[in-house]
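Structural description and commentary
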Amino acid sequence: MKDDKQFEKDSSAEHVDEYLQTLGNEDARELRYYSQEQPFSSEEMTRLVNEDRLNKLLAESDAFLSSLSGELRDFDEDGL
């Protein structure tokens, strides 16, 4: 059991050390980020994304942001 905990500490420490080393290196950080992505082909994306639903969600988000902007303007005017 103690060996398992030591392994976990070593493993975690190695990951932290590896991460800290990439912080100063933009190329390494970008490579690390993109290596975790899983690319989708255009066929997969077409199959996975419901375009009608996506468009509806985008319209709803636009309406929400517009109303929020109006509320923020009203808030600024009330505060003066």
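None of the values given here were measured: they were computed from a predicted structure.

**Examining the overall build of the chain**
A count of helical and extended segments in the chain gives 4 helices and 0 strands. In the chain, the order of α-helices and β-strands from amino to carboxyl end is α-α-α-α. Counting every position in the chain, which comprises 80 residues, the buried fraction comes to 2%. Total accessible area computed for the chain in this model is approximately 7800 Å², and 54% of it derives from carbon and sulfur atoms.

**Quick look at a nonpolar patch on the surface**
A cluster of nonpolar residues, Phe40, Met45, Leu48, Val49, Leu54 and Leu58, forms a patch on the protein surface that exposes about 540 Å² of accessible area. Elements with a contribution of two residues or more to the nonpolar patch: helix H3 (42-48) and helix H4 (51-79). Here Phe40 shows up in the loop between helix H2 (26-35) and H3.

**Brief notes about the confidence of the model for the chain**
The share of residues in the chain with pLDDT of 70 or more is 72%, and the mean pLDDT across the chain is 76. No element of the chain has a lower mean pLDDT than helix H1 (residues 2-23), at 65, and none a higher one than H4, at 86.

**Re a negative patch on the surface**
A cluster of acidic side chains, namely Glu71, Asp74, Asp76 and Glu77, defines a negative patch on the protein surface. Within the secondary structure layout, Asp74 lies in helix H4.

The rules behind the values
Residues numbered from 1 in each chain as written. Predicted model: local features only at pLDDT ≥ 70, side-chain atom pairs only at ≥ 80, totals over all residues. Heavy atoms only, no water. Helix = DSSP H or I, 4+ residues; strand = E, 2+ residues; numbered from the N terminus. Buried < 20%, exposed > 50% of the residue type's maximum accessible area, 1.4 Å probe, protein only. Areas by Shrake-Rupley, 256 points an atom, 1.4 Å probe, with all protein chains shown as cover. Patch = residues over 30% accessible without salt bridge, like charges linked within 9 Å, V, L, I, M, F, W, Y side chains within 5 Å. Salt bridge = Lys/Arg side-chain N within 4 Å of Asp/Glu carboxyl O. pLDDT = per-residue confidence, 0-100. Lys, Arg positive; Asp, Glu negative; His and termini not counted. Charge placed at Lys NZ, Arg CZ, Asp CG, Glu CD.

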